[in-house]
Amino acid sequence: DVDRLLAEATILRTHVLRPTWHFVLPADIRWMLELTAPRIHQSSAYYYRQLELDDSIQKRCGKIIERALRSEGQLMRKEIQAVLERAGVRARGPRLGYIMMYAELNGLICSGALKGKQHTYALLEERAPQATELTREQALAELTRRYFTTRGPATEIDFRWWSSLKAVDARRAIEAARPSLEQVDLDGRTYW
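What you see is a predicted model, and the numbers here were worked out from it, not measured in a lab. (Residues numbered from 1 in each chain as written. Predicted model: local features only at pLDDT ≥ 70, side-chain atom pairs only at ≥ 80, totals over all residues. Heavy atoms only, no water.)

Q: When you look at the packing of aromatic side chains in this model, what are you seeing that I'm missing?
A: Given two aromatic rings, one states the distance between the centres and the angle between the planes to describe the pair. Counting across every chain of the model gives eight aromatic pairs. Taken together, a centroid distance of 5.5 Å and an interplanar angle of 15 degrees make the contact between Y47 and Y98 stacked. Taken together, the positions of Y47 in helix α2 (residues 29–50) and Y98 in helix α5 (residues 93–105) put the pair 51 residues apart, joining distant regions of the chain. Exposure remark for Y47: the relative accessible area of 40% places this residue in the partly exposed category. Geometrically, the ring pair formed by Y48 and Y98 is edge-to-face, given 5.9 Å between the ring centres and 90 degrees between the ring planes. Placement of Y48 in helix α2 and of Y98 in helix α5 is noted, with a sequence separation of 50 residues between them. Residue classification places Y48 among the buried positions, given a relative accessible area of 8%. Through successive ring pairs, a cluster of aromatic residues spans Y46, Y47, Y48, Y98 and Y102. (Phe/Tyr/Trp six-rings, centres within 6.5 Å; stacked < 30°, edge-to-face > 60°. Helix = DSSP H or I, 4+ residues; strand = E, 2+ residues; numbered from the N terminus. Buried < 20%, exposed > 50% of the residue type's maximum accessible area, 1.4 Å probe, protein only.)

Dropping the structure here:
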């Protein structure tokens, strides 16, 4: 069932919230990426430096990947690796992983349909053309409502870990969602 939903783009598989895989609805992917990608890039900066992936190389890789997906359609990771290497970009192991995650976080690519048992990548604009756009405040409130509705009662610290938001943004988010949340103080801790 999950494979079918991925093939139909009913759900998308991408990096959002933290540098790990998440399933996201196409309507939600853009506002979620806009909200969380800067923080994930920040937390990945050390690895970008270690792997010699500065912004200019990442942008070049993005253009190469975009051209390949436009001309060849959905591609498996190893096919994208071959395209990058033919273009003179070293793309093996963790380096390829961070190239792909960067392209996902910047809203260029997301999951495509499976080819056999292998995941593919596709252009996000093709898989989620009707993605919802929210202001930052609306996105903070929506993410917060969804988190506490599905995982509450939970603390602000729990929410910060899950969302990758900075403390100041997590507090703003809780404040923005406060009308739809219930606050409970227990043993010196505040739960929502």
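Q: Which parts of the structure should I look at to understand the packing of helix α7 (residues 136–151) against helix α8 (residues 156–163)?
A: When two helices pack together, their arrangement is given by the angle between their axes and by how far apart the axes lie. Two elements in contact, α7 and α8, have axes whose closest approach is 11 Å; the angle formed by their N-to-C orientations is 115 degrees. The pairing of α7 with α8 is recorded here as roughly perpendicular in orientation. Considering only the axes of α7 and α8, their crossing is right-handed. Mapping the contact onto sequence places L143, T144, Y147, F148 and R151 in α7 and D158, F159, W162 and S163 in α8. (Axes fitted to C-alpha atoms, helices over the stretch in contact; angles between N-to-C directions. Parallel < 35°, antiparallel > 145°, perpendicular 65-115°, else oblique. Left-handed = near helix turned anticlockwise from the far one by under 90°. Contact = heavy atoms within 4.5 Å.)

Q: I tried to follow the nonpolar core on my own but got confused; where do I start?
A: Burial of nonpolar side chains together is a common tendency in soluble globular proteins. Formed by 57 residues in total, the largest nonpolar core has its most connected members in I29, L84 and F159. Not counting residues within four places of it along the chain, the set of residues in contact with F159 comprises L143, T144, Y147, F148, L165, A170, A173 and I174. (Core = buried A, V, L, I, M, F, W, Y, C linked by side-chain atoms within 4.5 Å.)

Q: What is the right way to read the pairing of strand β1 (residues 12–15) from this model?
A: Two faces make up the sheet, and in a regular strand the side chains alternate between them. Going residue by residue along β1, you find L12 and T14 tucked away on one face and R13 and H15 tucked away on the opposite face as well. Direction of pairing for β1 relative to strand β2 (residues 21–24): antiparallel, over a ladder of four bridges. The residue of β2 that forms the bridge with T14 is H22. (Pairing = 2+ DSSP bridges.)

Q: Teacher, can you tell me more about the pattern of salt bridges here?
A: Close approach of charged atoms lets side chains of opposite charge pair. A full pass over the atoms with the stated rule returns 16 salt bridges. The shortest N-O distance in the salt bridge between E8 and R4 comes to 3.5 Å. Given a relative accessible area of 44%, R4 falls into the partly exposed group. Between R160 and E156 there is a salt bridge, and its shortest N-O distance comes to 3.5 Å. A residue pair is termed a helical-turn pair when its members lie 3 or 4 positions apart in one helix, as R160 and E156 do in helix α8 at four residues. For R160, a relative accessible area of 28% corresponds to the partly exposed category. Members of the salt-bridge network, linked through shared partners, are D28, E142, R145 and R146. (Salt bridge = Lys/Arg side-chain N within 4 Å of Asp/Glu carboxyl O.)

Q: Can you walk me through helix α3 (residues 55–72) in this structure?
A: Spacing of three or four residues puts side chains on the same side of an α-helix, whose turn is 3.6 residues. With 18 residues, α3 extends 25 Å between its outermost C-alpha atoms, agreeing within 8% with the 26 Å of an ideal straight helix rising 1.5 Å per residue. Looking at the packing, one finds that the buried side of α3 touches α2, β3 (75–76), α4 (77–86), α5, β4 (109–111) and β5 (120–123). Once α3 finishes, G73 follows within two positions and takes phi at roughly 80 degrees, a positive value. (Expected span 1.5 Å × (residues − 1).)

Q: Would you take a moment to explain the sheet that holds β3 for this structure?
A: Within a sheet, neighbouring strands are paired by backbone hydrogen bonds and run either parallel or antiparallel to one another. Ordered in space as β3-β5-β4, the three strands form an open sheet in which the pairing is antiparallel. A strand with exactly one partner marks an edge of an open sheet, and here the two such strands are β3 and β4. Here three bridges tie β4 to β5, and the two strands are oriented antiparallel to one another. Following the sheet pairing, S111 is matched in β5 by Y121.

Q: Can you help me understand a positive patch on the surface in this one?
A: Taken together, K59, R60, K63 and R67 make up a surface patch of like positive charges. Tracing the sequence through the fold places R67 in helix α3. Classification of R67 by relative accessible area gives exposed; the value is 55%. (Patch = residues over 30% accessible without salt bridge, like charges linked within 9 Å, V, L, I, M, F, W, Y side chains within 5 Å. Areas by Shrake-Rupley, 256 points an atom, 1.4 Å probe, with all protein chains shown as cover. Lys, Arg positive; Asp, Glu negative; His and termini not counted. Charge placed at Lys NZ, Arg CZ, Asp CG, Glu CD.)

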